[in-house]
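Chain by chain, the residues:
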Amino acid sequence: MHEVGRRWERGEIGVADEHLATSVCEWLLFSIAGRSPRVRSGTARRAVVGCSPGELHTLGALIVAKVLSERGWRVLYLGGSTPTDAWAPIIRARSADVAVLATTTPSAMAHVPGALRTIHDARPDCLTVVGGQAYSTRSIGRAVGAAMFACDVRGLPERLDAALS
């Protein structure tokens, strides 16, 4: 998908091609859902996963939601462009341990600090995590106010467990 994005930026493929590639990846994720053995977690941690306000590229958030779910987490997947004021009610109602905001486009970064503040105000002990291509360095993740930056989903469940222990 990184290469698809680069080819789209260079004008080698169109938006429809990029959307088709994303659709194929989403279809593959849904088709393998439930096929891998789920890890039984004694803690029953809760995560809310979605895209930052204005972010329409949902594949990364969907992958995070699937990985956490397969590791025994209870996950609510909110999808793309979750408005800032929509995070607090769901975080409170579900007593979320973690909120993950995915952002791939720099234009969606402007809304991330507000969404993170809303989450923190709603549930101060909810760990906030940001990730996606818009965060080229950990310092950007810290600058927006996130407790954790995830550049890759590999190892994320273990990092979250360690941070919450």
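Residue positions are given per chain, counting from 1 as you read along its sequence in written order. Since the coordinates come from a predicted model, pLDDT governs what is reported: local features require at least 70, and pairs of side-chain atoms require 80 or more to be given and counted, while whole-chain, interface and lining totals use all residues. Based on all heavy atoms of the structure, the side-chain values leave hydrogens and waters out of the count.

This brings us to the overall build of the protein chain. Secondary structure counts use DSSP, requiring at least four H or I residues in a row for a helix and at least two E residues in a row for a strand, with both numbered from the N terminus. In terms of helices and strands, the protein chain carries seven helices and five strands. Going residue by residue from the N terminus, the α and β elements of the protein chain occur as α-α-β-α-β-α-β-α-β-α-β-α. Buried, partly exposed and exposed residues are distinguished by accessible area as a fraction of the type maximum, computed with a 1.4 Å probe on protein chains only: under 20%, between the cut-offs, and over 50%, respectively. Evaluated residue by residue, the protein chain yields a buried proportion of 39% over its 165 residues. The contact rule is simple, with two residues in contact once any of their heavy atoms fall within 4.5 Å. Restricting to contacts in the protein chain with at least 6 residues of sequence separation, those with at least 24 account for 69%. Only the protein chains shown count as covering a residue, and every accessible area follows the Shrake-Rupley method with a 1.4 Å probe. Element-wise, carbon and sulfur atoms account for 56% of the exposed surface of the protein chain, whose accessible area totals about 8,900 Å².

Glancing now at the layout of surface pockets. The gaps left among the atoms become clear once a water-sized probe is rolled over them. Put simply, the grid is 1 Å and covers the protein atoms alone, a cavity is a trapped set of points that fit a 1.4 Å probe, a pocket is an open set with protein on both sides within 12 Å along at least five of seven lines, and lining residues have an atom within 4 Å of a point. Grid points are joined across faces, edges and corners, and a volume is the space filled by probe spheres set on the points. Roughly 1,300 Å³ of volume is contained in the largest pocket. As for the largest pocket, its lining consists of 41 residues, of which His2, His57, Gly60, Thr104 and Gln133 are closest to the centre. Looking at the lining of the largest pocket, the elements with two or more residues in it are helix H1 (2-9), helix H2 (15-32), helix H3 (59-70), strand E3 (98-102) and strand E4 (127-131). Here the lining of the largest pocket takes six residues from H1, the largest share from any one element.

The buried fraction of E4 is high, at five of five residues. Residues Leu127, Val129 and Gly131 point to one face of E4 and Thr128 and Val130 to the other, with burial holding for every one of them. As a crossover connection, the stretch from E3 through helix H5 (residues 112-122) into E4 is right-handed. Only strands that DSSP links by at least two bridges are regarded as paired with each other. One ladder, built from three bridges, connects E4 with strand E5 (residues 148-150); its direction is parallel. Bridged to Gly131 within E5 is Ala150. Here the term right-handed applies to a crossover when the path leading from its first strand over the helix to its second strand runs clockwise, the strands being oriented away from the viewer.

With that settled, consider the nonpolar core. Here, nonpolar core refers to any group of buried Ala, Val, Leu, Ile, Met, Phe, Trp, Tyr and Cys residues whose side-chain atoms link them within 4.5 Å. By size, the foremost hydrophobic cluster in this structure holds 18 residues, and its most contacted members are Trp87, Ile91 and Val130. Broken down by secondary-structure element, the contributors of at least two residues to this core are helix H4 (84-93), E3 and H5. The leading source of residues in this core is H5, at four residues. Residues contacting Ile91, with those up to four places away along its chain left out, are Val48, Ala96, Ala99, Ile119, Arg123 and Cys126.

To continue, consider the environment of Asp85. Looking at the secondary structure, you find Asp85 in helix H4. Remark: the alpha-carbon pair of Asp85 and Thr118, spanning 33 residues in sequence, is separated by 7.0 Å.

Strand order in the open sheet formed by five strands is E2-E1-E3-E4-E5, and the pairing between neighbours is parallel. The open sheet is flanked by strand E2 (74-79) and E5, the only strands paired with a single partner. Looking at each pair of strands side by side, their axes are set apart by 20° on average, direction ignored. With axes taken as lines fitted to C-alpha atoms, and helix axes fitted only over the stretch in contact, angles between N-to-C directions fall between 0 and 180 degrees. In the packing of H3 onto the sheet, contacts are made with strand E1 (46-51), E2 and E3, and the angle to E1 comes to roughly 165°. Seen against the sheet, helix H7 (residues 156-164) touches E3, E4 and E5 and runs at an angle of roughly 170° to E5.

We now examine unusual backbone geometry. Even without a glycine there, the phi angle at Ser81 is positive, about 45°. One can find Ser81 in the loop between E2 and H4. The backbone phi angle of Ser95 is positive, close to 50°, even though this residue is not glycine. Summarising the element assignment, Ser95 is placed in the loop between H4 and E3. With a relative accessible area of 27%, Ser95 lands in the partly exposed category.

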